[in-house]
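Summary of structural features
The residues making up each chain are set out below.
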Amino acid sequence: MSEQRRTVVRGGNLVTPGGVVRGDLVLAGEKIESVVPGGLGEGELGGCETYDATGCWVFPGFIDAHTHMQCWTGMDWTADSFETGTRAAACGGTTTIVDYATQDRGMTLHQALDEWHKRADGTCTSNYAFHMAISDWNDHTREEIADMRDAGIVSFKSYFAYDHLRLDDAQTMELLEAIRPFDGILCVHCENGTLVDALQRRVLARGITGPEGHPLSRPAECEAEAIGRLMYLAQLTGARVNVVHLSTALGLEQIRAAKARGVRVSVETCPQYLLMDDTRYLEQGEDGFAGAKYVMSPPLRRPHDVEVLRQAVCDGEVDQVSTDHCSFNLHGQKDRGRGDFTKIPNGGPGVEHRPALMMTSFEGRLGPMDYLRLLSEGQARVFGMYPRKGALAAGSDADVCVWDPSVRWTIGASNQHQAVDYTPYEGFQAHGRAKYVFVNGTLAARDGEPTGEKPGRYVAR
Ligand code: URP
Ligand code: ZN
Ligand code: ZN
């Protein structure tokens, strides 16, 4: 049998489940062999490839549990494929994405899953798992749930908004009942879709057609009402739910009340709701349409919501910060909604920049153990990957991000790897960058640039 390749990450501050310890991390093949506080002796390094992590934090690879790669979203295809999206992810320190495989109406779950494998397999730099998003709830779909679990999918998604995707309340209840026996989890897009439709018509009727109409048509109440409804459906069925992309203080109040009643709910928010507010919709840019960059659902919120959510992140009320990466070019895609904001494809990019955005903007408020929880361990625990992922521990997968907090750099469209013509974070002065990123023991990115390797694999859970 051939000897396994051994790699030693030397002298870093290892962010382990038990705390931060200075030492070495030994990778053997695709697994972490050992965490060595104090480090190995020089005599123990024979034959190993070594990487210097002095002054760096060494994290388990970051996990982004909310992406939409290479996906038809009802208006257009997303700009990033699995190939470009996972490469960008790895450049930023993310070693696993959990993407939303999405069933179109009339399609079976098997067909959706096959299609997502066809798009992703063999092309990925970071690892990838799938949630299964269900838009067509019927007896056949119900029967397929068990097959999905056997195929490694323990998390599902449904929508309360978007005409082509949403389930009604009874269907959502039945879906929750179907996943309850194996403790599956349902991620839900919480916005009241019929209200949004009506408000869009009203806003357009008032003559507001630009991107500034988007937040007016999706007020905080639309999110909070849908979250409240989901909380009662979860209470009724006893199933686990995950509120995705929480964006409002009002929605958080619903979650707090539900938690007090014993509802099994976890919470995700995204950098866009922690770093930007709804004044962005007024941005003009060169052609008066720059506000379209921020058309995503839910929309960016008021400064008060941003502050409340930031505090909730610091107080441990948020389990995961993922991105909802759903990229569309401003030119050629989003600008098709000029003159009618309801036709601007919803979504924005972020998979590459999440770790830098979080660690910069929470500097002084959060530390490495918080980043571990919010960017990796939380996702691994909630979505059934822990401790295989989300932990620097012997036996865990060799997904590692060596983070150099001393690097200063500027985020911009010109230096990003996301295949999209803008970033909402243009000009953001980032503190810290991924120095080395290993995916299944292979160096996938160095100093924010890809190595060209594609070690990413499907993660069955
Ligand atoms: O605007 C967004 N977020 N688009 C992606 C789909 C979703 O709602 O998560
Ligand atoms: Zn959503
Ligand atoms: Zn999404």
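Just above sits the structure.
The following paragraphs examine the structure supplied in this document. All residue numbers here refer to positions counted from 1 along the written sequence of the relevant chain. Note on labels: chains are lettered from A, ligands numbered from 1, in written order. Totals for whole chains, interfaces and linings use all residues, but because this is a predicted model, local features are given only for residues with pLDDT of at least 70 and pairs of side-chain atoms are given and counted only at 80 or more. Excluded from the side-chain calculation are hydrogens and water; included are all heavy atoms of the structure.

Concerning the layout of surface pockets
Here a cavity is any set of points on a 1 Å grid over the protein atoms alone where a 1.4 Å probe fits but cannot get out, and a pocket is any open set with protein on both sides within 12 Å along at least 5 of 7 lines; a residue lines the site when it has an atom within 4 Å of a point. Grid points are joined across faces, edges and corners, and a volume is the space filled by probe spheres set on the points. Of the pockets and cavities examined, the largest pocket occupies roughly 620 Å³. Contributing to the lining of the largest pocket are 37 residues, with T73, M75, Y162, H164 and N346 lying nearest its centre. Note on residue classes: Ala, Val, Leu, Ile, Met, Phe, Trp, Tyr, Cys and Pro are nonpolar, Asp, Glu, Lys and Arg are charged, and everything else, Gly too, is polar. A per-class count over the lining of the largest pocket returns 13 nonpolar, 17 polar and seven charged. Taken as a whole, the second largest pocket holds about 270 Å³ of empty space. Taken together, P215, L216, R218, P219, A220, A249, L250, D278, L300, R301, R302 and D305 make up the lining of the second largest pocket. Within the residue set of the lining of the second largest pocket, elements represented by two or more residues are α6 (213-216) and α8 (249-260). A class-by-class count of the residues in the lining of the second largest pocket yields seven nonpolar, no polar and five charged. Each helix corresponds to a stretch of at least 4 residues labelled H or I by DSSP, and each strand to a stretch of at least 2 residues labelled E; elements are numbered beginning at the N terminus.

Description of the coordination of the zinc ion (ligand 2)
The zinc ion (ligand 2) binds to the protein through H189 (ND1) and H245 (NE2), with metal-donor distances spanning 2.1 Å. One can describe the donor arrangement at the zinc ion (ligand 2) as irregular, given that its four donor atoms subtend angles of 56 to 141° at the metal. Between the zinc ion (ligand 2) and the zinc ion (ligand 3), a spacing of 3.6 Å is present. Taken together, the residues H189 in strand β10 (residues 185-189) and H245 in the loop between β11 (240-243) and α8 connect sequence positions 56 residues apart. As a rule, N, O and S atoms within 2.8 Å of a metal are its donors, except that Na, K and Ca use 3.2 Å; water is not among the atoms, so sites may look incomplete. Metal sites are grouped by the angles between bound donors: all angles between 85 and 135 degrees with four donors is tetrahedral, opposite donors over 155 degrees apart with the others between 65 and 115 is square planar for four donors and octahedral for six, and any other pattern is irregular.

A closer look at the side chain of T172
Mapped onto the fold, T172 is located in helix α4 (residues 169-179). Leaving out residues up to four positions away in the same chain, T172 has contacts with S158, F160, L167, L186 and L233. Contacts were defined at the residue level, with two residues in contact if any of their heavy atoms lie within 4.5 Å.

Thoughts on helix α10 (residues 303-314)
Expected span of a helix: the number of residues minus one, times 1.5 Å. The terminal C-alpha atoms of α10 lie 17 Å apart, and with 12 residues this matches the ideal 16 Å at 1.5 Å per residue to within 8%. Every buried residue of α10 is accounted for by D305, V306, L309, R310, A312 and V313. Each buried residue of α10 lies within a common arc of 160° when the element is viewed along its axis, so the set occupies one face. Among the structural elements, α8, β12 (265-269), α9 (271-275), α11 (354-361) and α12 (368-382) are those in contact with the buried residues of α10. Two residues or fewer past α10, G316 is found with a positive phi of approximately 80°. Partly exposed describes any residue whose relative accessible area lies between the buried limit of under 20% and the exposed limit of over 50%, with all areas from a 1.4 Å probe on protein chains only and scaled to the type maximum. What the arc measures is the spread of directions leading from the helix axis to the C-beta atoms.

Some points on the site of ligand 1
Distances are taken per atom, and a residue is near a molecule or strand as soon as one of its heavy atoms is within 4 Å of it. With respect to spatial proximity, the complete set of residues near ligand 1 consists of H66, H68, K157, Y162, H189, H245, M296, S297, D324, C326, N346 and G347. Taking H189, its side chain carries an N or O atom lying 2.9 Å from an oxygen atom of ligand 1. In this structure, an oxygen atom belonging to ligand 1 sits 3.3 Å away from a main-chain N or O atom of G347. Accessible surface is estimated by sampling points in the Shrake-Rupley manner with a 1.4 Å probe; for residues, cover comes only from the protein chains shown. Contact with the protein chains covers 95% of the free accessible surface of ligand 1, which is 260 Å². Judged by its atoms lying within 2 Å of the grid points, ligand 1 is housed in the largest pocket. Classifying every residue of the shell around ligand 1 gives three nonpolar, seven polar and two charged. Side-chain atoms alone can form a polar contact between residues adjacent in sequence; in general such a contact is a pair of N or O atoms within 3.5 Å, and within protein one must be able to donate a hydrogen while the other accepts it. Molecule-in-pocket calls rest on the fraction of atoms, with more than half required to lie within 2 Å of the cavity or pocket grid points.

Observations concerning the nonpolar core
Only buried residues count toward a nonpolar core, which is a set of Ala, Val, Leu, Ile, Met, Phe, Trp, Tyr and Cys residues joined through side-chain atoms within 4.5 Å. In this structure, F130, M132, I134, I145, F156 and M231 are the most contacted members of the largest nonpolar core, which totals 97 residues. Looking at which element gives the most residues to this core, the answer is helix α7 (residues 220-237), with six residues. If you count residues domain by domain, this core takes at least three from each of domain 1 (6-59 + 394-450) and domain 2 (62-382). Ignoring sequence-local partners within four residues, the contact set of M132 consists of A101, L109, A112, L113, M148, I153, S155, F156 and K157. Among the nonpolar cores identified, the runner-up in size contains 16 residues, and L25, I32, V402 and Y436 belong to it. For every domain, the bounds stem from an assignment made automatically or drawn from a database.

Here's the deal with the pattern of salt bridges
Two side chains carrying opposite charge are able to pair once their charged atoms lie near each other. Each salt bridge in this description consists of a side-chain nitrogen of Lys or Arg and a carboxyl oxygen of Asp or Glu lying within 4 Å of one another. Evaluated as defined, the whole model comprises 30 salt bridges. For D340, the salt bridge goes to K343, with nearest N and O atoms at 3.0 Å. Take D340: its relative accessible area is 15%, and that puts it in the buried class.

Side note on unusual backbone geometry
A cis geometry characterises the amide bond from S297 onward to P298, with omega recorded as -5°. One can find P298 in the loop between α9 and α10. Here the phi dihedral of D183 falls at roughly 55°; this positive angle occurs in a residue that is not glycine. If you trace the backbone, D183 turns up in the loop between α4 and β10. The class of D183 is partly exposed, set by a relative accessible area of 33%. A positive phi angle, close to 35°, is found at H245, a residue other than glycine. For H245, a relative accessible area of 1% puts it in the buried group.

Quick look at helix α2 (residues 109-120)
Taking 1.5 Å per residue as the helical rise, α2 with its 12 residues ought to reach 16 Å, and the 16 Å between its terminal C-alpha atoms agrees with that figure. By the burial criterion, the buried members of α2 are L109, A112, L113, W116, H117, R119 and A120. Relative to the axis of α2, the buried residues are bounded by an arc of 160° and lie together on one face. Looking at the buried residues of α2, the elements they touch are α1 (82-92), β7 (94-102), β8 (127-133) and α3 (139-150).

On their own, these measurements won't tell you what the molecule is for.
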